[in-house]
Amino acid sequence: MEHRATEPSILSAALATVSAAEIEASRSILVREGLLGESTHVSYFGLDEQDKRELLAGTVSARRFRAMLVDMTSGASHDVIVVPGEDRVASARQLDPEVDGQVPVVLVEFSLVEQIVHKDERWLEAMRKRGLTDLSTLRVNPLSAGVLALSETGRRIQRCFTFVQSTPNDLGWAHPVDGVTVMVDVVSHEVLEVLDYVNLPVPQEDGNFHDPTWVNQPDRPGIKPIEITQPEGPSFTIGDDNVIDWLGWKLQVGFDQREGLVVHNVSINDAGVQRPVLYRASIAEMMVPYGDPSPQRWFQNFFDCGEYLLGGFANSLELGCDCVGDITYLDAVVADAAGHARVIPQAICIHEEDTGILWKHTDNWNGSSDSRRNRRLVVSFFVTVGNYDYGFYWYFSLDGSIELEVKATGIVFTSSYPNQGYEFASELAPGLGAPYHQHLFSARLDMMVDGSVNAVDELEAVLVPRGDRNPTGTGFTQSVTRLKTESDAQRLADNARNRVWLVSNPGVKNRLGGDVGYVLYPEGKPVLLADSESDIYKRATFSTKHLWVTPYEPGELYPAGDFVNMHSGGSGLPAWTAADRNVDSTDIVLWHTFGLTHFPRIEDWPIMPVDSSGFVLKPHGFFGRNPTLDIPESSSDHCAPGHHDGHAHHQEVQESE
Ligand code: CO
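Residues numbered from 1 in each chain as written. Predicted model: local features only at pLDDT ≥ 70, side-chain atom pairs only at ≥ 80, totals over all residues. Heavy atoms only, no water.

Some details on the overall build of the protein chain
Thinking step 1. On a plain count of helices and strands, the protein chain comes out with nine helices and 30 strands.
Thinking step 2. Relative to a compact globule of 657 residues, whose C-alpha radius of gyration would be 26 Å, the protein chain shows 26 Å and is just as compact.
Thinking step 3. C-alpha atoms of the protein chain, sized along the principal axes, occupy 85 × 70 × 60 Å.
Thinking step 4. The proportion of buried residues among the 657 residues of the protein chain is 53%.
Thinking step 5. Sequence-distant contacts in the protein chain: of pairs separated by 6 or more residues, those separated by 24 or more amount to 66%.
Thinking step 6. Just so you have it, the protein chain exposes about 28,400 Å², and 51% of that area is on carbon and sulfur atoms.
Thinking step 7. The positive charge centre, built from 51 side chains, and the negative charge centre, built from 92, are 4 Å apart in the protein chain. (Helix = DSSP H or I, 4+ residues; strand = E, 2+ residues; numbered from the N terminus. Rg over C-alpha atoms; globule rule 2.2 N^0.38 Å. Buried < 20%, exposed > 50% of the residue type's maximum accessible area, 1.4 Å probe, protein only. Contact = heavy atoms within 4.5 Å. Areas by Shrake-Rupley, 256 points an atom, 1.4 Å probe, with all protein chains shown as cover. Lys, Arg positive; Asp, Glu negative; His and termini not counted. Charge placed at Lys NZ, Arg CZ, Asp CG, Glu CD.)

What follows is the structure, given as structure tokens:
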């Protein structure tokens with residue numbers, strides 16, 4: 001296995017998350033080279049990972065960093081590679097916004113639009129028409145703009161909605177001023193257009209879930225504490241460069257301003273050998289398309305990675321309550337708008353969780369009765385992107401499975417509910433609508449199942465036709481179809497056929513002579529629900545398939561392209577895969593689309609209980625047998641009957657599954 005050519009510690013140092021010192025050193029070079037001036041905002045700064053093939057072969061060069069910069073007085077944008085270890089800029093390309101699109105949204109744009117819009121006579125008139133005259137209560141919400149017309153290309157635009165926040169403590173999302181859309185050029189500070197389509201009443205009922213006097217309910221009685229204790233500490237250790245060792249698993253935790261958590265070099269111990277599974281895994285894009293085509297909101301489709309850089313919005317979990325148990329936190333370091341290091345304290349949460357029964361059997365013949373408990377290592381972080389909050393949870397289990405769960409919560413995007421039976425939104429409170437929408441994620445899974453050379457088979461359940469092979473008509477089997485090229489490998493899930501994707505290594509055999517592998521189990525929920533000629537279909541083509549497979553290329557990182565903001569589409573996966581390259585028995589990357597199709601419920605208001613989506617990777621012929629026969633009985637866990645209250649059926653406290 002070629003990864004052994006490089007010392008693990010050298011590899012993890014090469015892939016380590018950016019440090020504050022590296023950010024500051026890079027900044028000095030960018031300033032010196034005239035790329036970062038007074039009016040320049042750093043949109044993105046992150047590690048430009050060295051080509052995996054060089055790294056694994058033992059050629060390690062100085063760490064390179066990518067900076068995306070925008071001058072907010074001229075609009076000029078640059079895509080820069082800086083190498084602080086060599087005190088130089090390796091490349092600096094000025095974007096052509098008409099072709100390339102724009103660098104991601106910078107923080108100043110959020111506050112800027114309100115100041116600009118508040119002074120615009122057309123908008124003021126639209127507000128007066130609705131009886132809204134107190135500017136201090138009118139919040140202007142900047143939204144990434146998409147691309148509507150050729151006249152917009154080349155400009156840096158936000159489309160804006162207005163909400164009424166009646167007091168500083170009020171939840172503004174409860175009071176959308178629907179029907180008015182404002183287009184703002186955030187470089188020239190011009191209001192380009194105020195579109196007043198329809199005068200819908202502003203919903204009046206508050207949604208102040210954070211205010212006990214508004215909630216006006218006593219606390220639910222009878223809630224007793226749940227304490228998770230680990231008297232001997234957690235079972236993991238964290239070494240240099242955030243390399244975690246946990247009960248046979250090894251992985252490196254990284255953090256990126258665009259993708260958030262990144263896991264590198266995931267491997268699992270098998271009889272003393274550390275066997276690789278994944279080289280790198282991240283959420284490389286996520287996009288929230290809204291299904292209401294009305295003129296004031298057709299453009300609502302937010303790329304939370306490519307346009308907003310969700311990692312930069314990571315919550316600080318220092319206040320507790322976000323994770324329970326024996327928690328280790330890691331800080332995240334990103335660049336601020338001026339290019340200085342900004343530490344997000346305790347952004348990443350690491351802990352282990354009991355997950356119930358791992359396996360169990362009572363044998364009627366030999367009289368044995370055994371059970372073992374499962375547990376998982378949880379590596380997570382939470383972001384707030386506008387109205388929504390998302391938690392990203394990577395789970396590594398004793399049985400060799402890897403799971404990602406995304407938890408969506410926060411506030412649904414609101415509208416006025418125009419009339420009973422409106423077909424594109426739910427009514428959540430009197431006159432308050434919530435447009436139907438999706439949350440679509442793209443997991444980039446750079447697979448490394450026992451080495452770099454991998455292949456993908458589609459497995460599915462198949463009825464065998466009645467006949468000589470199947471005289472009783474009860475036969476069914478599993479079909480295996482190799483996905484040989486990029487066009488073969490653009491697939492939809494099909495849960496009615498139990499369709500899954502097996503990533504195997506044709507060069508490494510298990511003890512029964514089969515190729516070792518891991519299976520990707522999709523949830524199989526809907527992909528993008530939009531017409532193939534629509535704007536969003538072209539901009540988010542990645543989200544129209546559950547699976548894409550590409551050969552590894554170091555520059556192919558983001559499935560909707562590098563510059564998504566105001567890009568008209570076609571970049572990323574649709575562009576790369578047009579070459580229809582071979583993906584059979586080579587170094588491959590899987591791109592998996594998953595997510596939620598959200599028809600909001602009344603119960604999602606005023607704050608939405610967590611809804612989840614994700615996927616699972618499970619070993620499939622990777623081990624020679626159940627890899628958890630070495631897990632001891634959990635005699636030291638609190639497995640005994642608990643407090644007796646006189647009711648026999650209440651005795652089991654922790655054992656139920
Ligand atoms: Co939703």
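Quick notes on the domain arrangement of the protein chain
Thinking step 1. Looking at the assigned domains, one finds that the protein chain contains domain 1 (8-94), domain 2 (108-215) and domain 3 (236-619).
Thinking step 2. If you look at the interface, domain 1 gives 32 residues, while domain 3 gives 34 residues.
Thinking step 3. Approximately 2,500 Å² of surface area, both sides summed, lies buried where domain 1 meets domain 3, with 51% of it carried by carbon and sulfur atoms.
Thinking step 4. It is T17, Y44 and K52 that lose the most area in domain 1 upon contact with domain 3, and together they represent 24% of the buried surface on that side.
Thinking step 5. Counting across the interface, domain 1 meets domain 3 through four salt bridges.
Thinking step 6. Between R280 and E49 there is a salt bridge, with its nearest N and O atoms 2.8 Å apart.
Thinking step 7. At the boundary of domain 1 with domain 3, the tally comes to 16 residue pairs in polar contact (both at pLDDT 80 or more).
Thinking step 8. Elements that contribute at least two residues to the side of domain 1 that touches domain 3 include exactly α1 (8-15), α2 (20-32), β1 (40-48), α3 (52-56) and β2 (64-71).
Thinking step 9. Tallied by class, residues from the side of domain 1 that touches domain 3 come to 14 nonpolar, nine polar and nine charged. (Domains from an automatic or database assignment. Buried area = accessible area lost by both parts, 1.4 Å probe. Salt bridge = Lys/Arg side-chain N within 4 Å of Asp/Glu carboxyl O. Polar contact = N/O pair within 3.5 Å; in protein donor to acceptor, adjacent residues only side chain to side chain. Nonpolar A, V, L, I, M, F, W, Y, C, P; charged D, E, K, R; others polar.)

Quick notes on α1
Thinking step 1. Burial in α1 covers these residues: L11, S12, A14 and L15. Seen end-on, α1 carries its buried residues on one side only, within an arc spanning 160°.
Thinking step 2. Looking at the buried positions of α1, the neighbouring elements they touch are β1, α3, β10 (243-246), β11 (249-256), β12 (260-270) and β13 (273-289). (Arc of directions from axis to C-beta.)

What to know about the coordination of the cobalt ion
Thinking step 1. Coordination sphere of the cobalt ion, protein contribution only: Y388 (OH), H437 (NE2), H439 (NE2) and H598 (ND1), at 1.9 to 2.0 Å.
Thinking step 2. Considering all four donor atoms around the cobalt ion, angles at the metal cover 95 to 137° and the coordination shape is irregular.
Thinking step 3. Considered as a linear motif, the donors of the cobalt ion on their single chain read Y-x48-H-x1-H-x158-H. Placement of the pair is Y388 in strand β18 (residues 388-397) and H598 in strand β29 (residues 586-598), with a sequence separation of 210 residues. Each member of the pair, Y388 as well as H598, is classed as buried. (Donors = N, O, S within 2.8 Å, 3.2 Å for Na, K, Ca; no water. Tetrahedral: all angles 85-135°; square planar, octahedral: opposite > 155°, others 65-115°.)

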